[in-house]
Amino acid sequence: MKIMKKAILVSIYPLVLTGISQLVLNKKANGNMVVVGGKEVGSELIGQNFTDPKFFRGRVSSVNYNTYTEGDTKPDKNGKAAYSGVGSGSQNLAPSSKALQDRVENDIKDFLKANPGVKKEDIPTDLLTSSGSGLDPDISPKAAAIQIPAVSKASGISETDLQKIVDKYIEGKSLGIFGEPRVNILKVNIEIASMLKAK
């Protein structure tokens, strides 16, 4: 009888919590999905790799934000799928690592090429380093501001309008004391995309 009660409790408790979370915190419980035109385009909680010069760049990701194609899920000749599932994390390389130094140097060159008005020493650190999870969707307001001239030139949107978009999506410290102010790049880039579509 005790085993039966435990089995019922173990089954009911998660269902009750899931039901409550769906009612009270529906958006959070479902991954804070961002919907545009009735289609899910991403999550507010997971970054994406933006390479088009019309959009702001996010942080470096050692796991490439877990992007994969349908082909990645197909079995290879041995019957195993190349894609092993969603993961997160950093490469955990020491500052003395040659691989890390080479990657940072290449990222600096790439960033300076895309942002010719910026000096090497002015590039914010968060544009050259990944977060611990490798999935961070946010950058610092300074990292967004330094990209405005290049994004403006590529997109045709004025620097003033881009600054307004960035300012709109700046979030302060969590509970006023934890972390740093940040900008959600997905939200910023979605607004840019809608402006470009309207042109």
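As shown above, the structure is provided for reference.
Residues numbered from 1 in each chain as written. Predicted model: local features only at pLDDT ≥ 70, side-chain atom pairs only at ≥ 80, totals over all residues. Heavy atoms only, no water.

A. The overall build of the protein, seen in detail. What the protein contains, in helices and strands, is seven helices and five strands. Residue pairs in contact within the protein that sit at least 24 positions apart in sequence constitute 55% of those at least 6 positions apart. As displayed, the protein offers around 13200 Å² of accessible surface, 58% of which is attributable to carbon and sulfur atoms. (Helix = DSSP H or I, 4+ residues; strand = E, 2+ residues; numbered from the N terminus. Contact = heavy atoms within 4.5 Å. Areas by Shrake-Rupley, 256 points an atom, 1.4 Å probe, with all protein chains shown as cover.)

B. Geometry of the packing of helix 6 (residues 159-168) against helix 7 (residues 185-198). Contact pair helix 6 / helix 7: the axes reach a minimum separation of 9 Å and the direction vectors enclose 140°. The orientation of helix 6 relative to helix 7 falls into the category oblique. Crossing handedness for the pair helix 6 and helix 7: right-handed. Facing helix 6, whose interface residues are D161, L162, I165, V166 and K168, helix 7 presents V188, E191, I192 and M195. The residue makeup of the contact of helix 6 with helix 7, split by class, is six nonpolar, no polar and three charged. (Axes fitted to C-alpha atoms, helices over the stretch in contact; angles between N-to-C directions. Parallel < 35°, antiparallel > 145°, perpendicular 65-115°, else oblique. Left-handed = near helix turned anticlockwise from the far one by under 90°. Nonpolar A, V, L, I, M, F, W, Y, C, P; charged D, E, K, R; others polar.)

C. Molecular detail of the environment of A143. Assignment of secondary structure puts A143 in helix 4 (residues 141-145). Placed 18 residues apart in sequence, A143 and T125 show a C-alpha to C-alpha distance of 8.2 Å. Apart from residues lying up to four places away in sequence, A143 is in contact with P124, D126 and L127.

D. A look at the pattern of salt bridges. For the structure on display, the rule yields nine salt bridges. One salt bridge in this structure joins K54 and D52, with 3.9 Å as the shortest N-O distance. Judged by its relative accessible area of 32%, K54 falls in the partly exposed class. For D136, the salt bridge is made with R59, and the minimal N-O distance between the two is 3.3 Å. One end of the pair, D136, is in the loop between helix 3 (98-114) and strand 3 (138-139); the other, R59, is in the loop between strand 2 (39-43) and helix 3, with 77 residues separating them in the sequence. Note on R59: relative accessible area 17%, which makes it buried. Counted as one network, the salt bridges with shared partners bring together D138, E171 and R182. (Salt bridge = Lys/Arg side-chain N within 4 Å of Asp/Glu carboxyl O. Buried < 20%, exposed > 50% of the residue type's maximum accessible area, 1.4 Å probe, protein only.)

E. Quick peek at the sheet that holds strand 5 (residues 182-184). Strand order across the open sheet formed by three strands is 3-5-4, with antiparallel pairing between neighbours. Edge positions in the sheet fall to strand 3 and strand 4 (170-171), since each has one partner strand and no second. As defined by bridge partners, strand 3 adjoins strand 5 across two bridges and the pair is classed as antiparallel. The residue bridging I139 from the neighbouring strand is V183, located in strand 5. (Pairing = 2+ DSSP bridges.)

F. Here's a closer look at the side chain of E191. Tracing the sequence through the fold places E191 in helix 7. Under the relative-accessibility criterion, E191 is labelled buried at 19%.

G. Spotlight on the packing of aromatic side chains. For the coordinates displayed, the defined rule picks out one aromatic pair. With a centroid separation of 6.3 Å and 45° between ring planes, the pair formed by F50 and F55 is classed as tilted. Both residues of the pair, F50 and F55, count as buried. (Phe/Tyr/Trp six-rings, centres within 6.5 Å; stacked < 30°, edge-to-face > 60°.)

H. Quick look at the environment of F111. Mapped onto the secondary structure, F111 falls in helix 3. F111 sits in the buried class, given a relative accessible area of 2%. On a C-alpha basis, the gap between F111 and R57 in space is 9.4 Å, while along the polypeptide they are 54 residues apart. Discounting residues that sit within four places of it in the chain, F111 has contacts with R57, V118, I123, L127, I146 and Q147.

I. Spatial organisation of the packing of helix 5 (residues 148-155) against helix 6. Viewed as axis vectors pointing N to C, helix 5 and helix 6 meet at an angle of 120°, and their least axial separation amounts to 9 Å. Put simply, helix 5 runs oblique to helix 6. The handedness of the crossing between helix 5 and helix 6 comes out as right-handed. Between helix 5 and helix 6, the contacting residues are I148, P149, V151, S152 and S155 on the first element and E159, L162, Q163 and V166 on the second. Class assignment for the residues of the contact of helix 5 with helix 6 results in five nonpolar, three polar and one charged.

The values are spatial; any link to function lies outside them.
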